[in-house]
Amino acid sequence: MENNKLKKLGKYFTKGLLTGVLATALMAGTAGCSQPAGGNVIEQDGSGNGGNGQNTQPTYYINEEFGGQRFVESNADWTSYDINQDTEFETRYTNAKTFMNQKVNALNQDLQYESSTLGKKIKTVLNSFNYNQNIADNIDANNLAIAQVFAEFEKNLSTTTKLNRYRATYHLLAANAYNESMGDWKNAKGFTTNKEITGADNSFFKLELKNAGNLNYDDLTADNNKKAKEIMNEELTSISLNTGIDSAVLKKVVELALYNESLYGLHDFAKTNDVNINNALPNRSLETLYDYTVDEKTNIQSIDDRTM
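Residues numbered from 1 in each chain as written. Predicted model: local features only at pLDDT ≥ 70, side-chain atom pairs only at ≥ 80, totals over all residues. Heavy atoms only, no water.

Enquirer: Help me out: how do you make sense of the overall build of the chain in this one?
Expert: For the chain, the count of helices and strands is eleven helices and zero strands. Element order for the chain, N to C, with α for helix and β for strand: α-α-α-α-α-α-α-α-α-α-α. Out of the 308 residues belonging to the chain, those deemed buried represent 51%. Taking as baseline every contact in the chain between residues at least 6 positions apart, the subset at least 24 positions apart corresponds to 73%. In the form shown here, the chain has an accessible surface area of approximately 14200 Å², with 46% of it arising from carbon and sulfur atoms. (Helix = DSSP H or I, 4+ residues; strand = E, 2+ residues; numbered from the N terminus. Buried < 20%, exposed > 50% of the residue type's maximum accessible area, 1.4 Å probe, protein only. Contact = heavy atoms within 4.5 Å. Areas by Shrake-Rupley, 256 points an atom, 1.4 Å probe, with all protein chains shown as cover.)

Following this line, the structure appears as structure tokens:
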């Protein structure tokens, strides 16, 4: 089965939820440092005038290139009986939706006069981005939207090596963005995402690194993922030259995707803390967005074949 997975380049077996044993172990490991998590609600009027309407955001939020977002503060622990987990989650999710909507609106402004084929597609998919009330529905719909754009990105990378450089660095940055939103449980070895990158299930990722010109994980992640970020910028520049759309805009699209990876981190953190989530998803895996993108590329190719 492992060989079949590698041949299909990432068709992993479906990953389930964290087992009760893992969840219990994680909770036991953090219970000793329990404290109220706190968090400010982001104001939404957008006037930017300090206390009179400024878009304030939680102090633990980060502003980092390709870094995702820390939708759960690094010392968060909702295992205490003194904390209402549902309330803590709702506060974080309200903040996260507001933050992401602001990013969508800003990107729409950047694309206001964009006439390229890719620019028009980005504008179209933004209309279906982050509009659901339920976090699981939002994450999945966002992935479906992002896949349409990522399929176009991949069409415009000219070699297999460049394609794998782009994919491998995205998968690494996505895992980092997910972990940013896992509080004290970030990088927990039992989570599917971390098994896929550095753990027992990382065969596909290792193959991606090899096919990307023998990229080295340690080199990519040194100095806060500096090399991975450089490669992502290089490949976005290549896509920009092939599509006529500004690489700065493409970068914002990738960062929006990474914010959705962090939103998945909030989802999994809440689920492990016994928050009841409607339509809860399996724990995050790189296969979901990857498979959506591959399916979208197949659809595009079918359309191209019919119009030749």
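Enquirer: Just checking my understanding: could you explain helix α3 (residues 85–110) for this structure?
Expert: Structurally, the α-helix is built with 3.6 residues per turn, so residues lying three or four positions apart point the same way. The end-to-end C-alpha distance of α3 is 38 Å, a good match for the 38 Å that 26 residues give at a rise of 1.5 Å each. Every buried residue belonging to α3 is among E88, F89, R92, Y93, N95, A96, K97, T98, F99, M100, V104 and L107, and all of these are buried. Buried residues in α3 make contact with α4 (117–126), α5 (135–155) and α10 (247–272). Measuring from the side-chain oxygen of the N-cap residue of α3 to the backbone nitrogen of D86 gives 3.1 Å; that N-cap residue is N84. (Expected span 1.5 Å × (residues − 1). Polar contact = N/O pair within 3.5 Å; in protein donor to acceptor, adjacent residues only side chain to side chain.)

Enquirer: What exactly am I supposed to notice about unusual backbone geometry here?
Expert: When glycine is set aside, most residues are seen to have a negative phi, and most peptide bonds are trans. At F66, a residue that is not glycine, the phi angle is positive and equals roughly 50°. Within the secondary structure, F66 is located in the loop between α2 (20–30) and α3. For N187, which is not glycine, the phi torsion reads 65° and is therefore positive. Position of N187 among the secondary structure elements: in the loop between α6 (160–180) and α7 (192–197).

Enquirer: What am I meant to see in the layout of surface pockets here?
Expert: Gaps left between atoms are located by rolling a probe of water-molecule size over the structure's atoms. For the largest pocket, the calculated volume is near 270 Å³. Together, 16 residues line the largest pocket, and N179, N187, N194, T198 and Y217 are the ones closest to its centre. Among the elements of the structure, α6, α7 and α9 (217–243) are those that each provide at least two residues to the lining of the largest pocket. With four residues, the single largest contributor to the lining of the largest pocket is α6. When its residues are assigned to classes, the lining of the largest pocket shows five nonpolar, eight polar and three charged. (1 Å grid on protein atoms, 1.4 Å probe; cavity = no way out; pocket = protein on both sides within 12 Å on 5 of 7 lines; lining within 4 Å. Points joined across faces, edges and corners; volume = space filled by probe spheres on them. Nonpolar A, V, L, I, M, F, W, Y, C, P; charged D, E, K, R; others polar.)

Enquirer: How do you make sense of the packing of aromatic side chains when you look at a structure like this?
Expert: Two numbers describe a pair of aromatic rings. These are the distance of the centres and the angle of the planes. Under the defined criterion, the tally for this structure stands at 14 aromatic pairs. A ring pair is formed by F71 and F99, whose centres lie 5.8 Å apart and whose planes are at 75°; its orientation type is edge-to-face. With a gap of 28 residues between them, F71 in the loop between α2 and α3 and F99 in helix α3 connect regions that are remote in the sequence. Ring geometry for F150 and Y170: centres 5.2 Å apart, planes at 85°, overall edge-to-face. Here F150 is found in helix α5, whereas its partner Y170 is found in helix α6, with 20 residues between them in sequence. Ring pairs connect the aromatic residues Y60, Y61, F71, F99 and Y259, which therefore count as one cluster. We note K251 situated over the ring of F66; from NZ or CZ to the ring centre the distance is 5.4 Å. Sitting above the plane of the Y178 ring, R284 keeps its charged end 5.9 Å from the centroid. (Phe/Tyr/Trp six-rings, centres within 6.5 Å; stacked < 30°, edge-to-face > 60°. Lys NZ or Arg CZ within 6 Å of the ring centre and 35° of its normal.)

Enquirer: Help me understand the pattern of salt bridges in this model?
Expert: Two side chains of opposite charge can pair, provided their charged atoms sit close to one another. Going through the model one piece at a time under the given rule, you end up with 15 salt bridges. Between K252 and D110 there is a salt bridge, with the nearest N and O atoms lying 2.6 Å from each other. Of this pair, K252 sits in helix α10 while D110 is found in helix α3, placing the two residues 142 residues apart along the sequence. For E152, the salt bridge identified is with K121, shortest N-O distance 3.2 Å. Within this pair, whereas E152 is found in helix α5, its partner K121 is found in helix α4, the two being separated by 31 residues in sequence. The class for K121 is partly exposed, based on a relative accessible area of 23%. Through salt bridges with shared partners, one network takes in K162, R165, E234 and E235. (Salt bridge = Lys/Arg side-chain N within 4 Å of Asp/Glu carboxyl O.)

Enquirer: Please clarify how the packing of α5 against α10 should be interpreted in this entry.
Expert: Between two packed helices, the angle of one axis relative to the other and the distance separating the axes together describe the packing. At a minimum axis separation of 10 Å, α5 and α10 run at an interaxial angle of 150°. Between α5 and α10, the angle is such that the two are roughly antiparallel. With respect to the hand of their crossing, α5 and α10 are arranged in left-handed fashion. Across from I135, A136, N138, I139, N142, N143, I146, V149, F150 and F153 in α5, the residues of α10 making contact are L250, V253, V254, A257, N260, L263, Y264, L266 and H267. Looking at the contact of α5 with α10 residue by residue, the classes come out as 14 nonpolar, five polar and no charged. (Axes fitted to C-alpha atoms, helices over the stretch in contact; angles between N-to-C directions. Parallel < 35°, antiparallel > 145°, perpendicular 65-115°, else oblique. Left-handed = near helix turned anticlockwise from the far one by under 90°.)

Enquirer: Mind showing me how you'd approach the packing of α6 against helix α8 (residues 203–211) here?
Expert: With their axes 8 Å apart at the nearest point, α6 and α8 run at an angle of 140° to one another. The angle between the axes of α6 and α8 places the two elements in the oblique class. Between α6 and α8 lies a crossing whose hand is left-handed. On α8, the residues touching T160, T161, N164, R167, A168, H171 and L172 of α6 are F204, F205, E208, L209 and N211. Tallied by class, residues from the contact of α6 with α8 come to five nonpolar, five polar and two charged.

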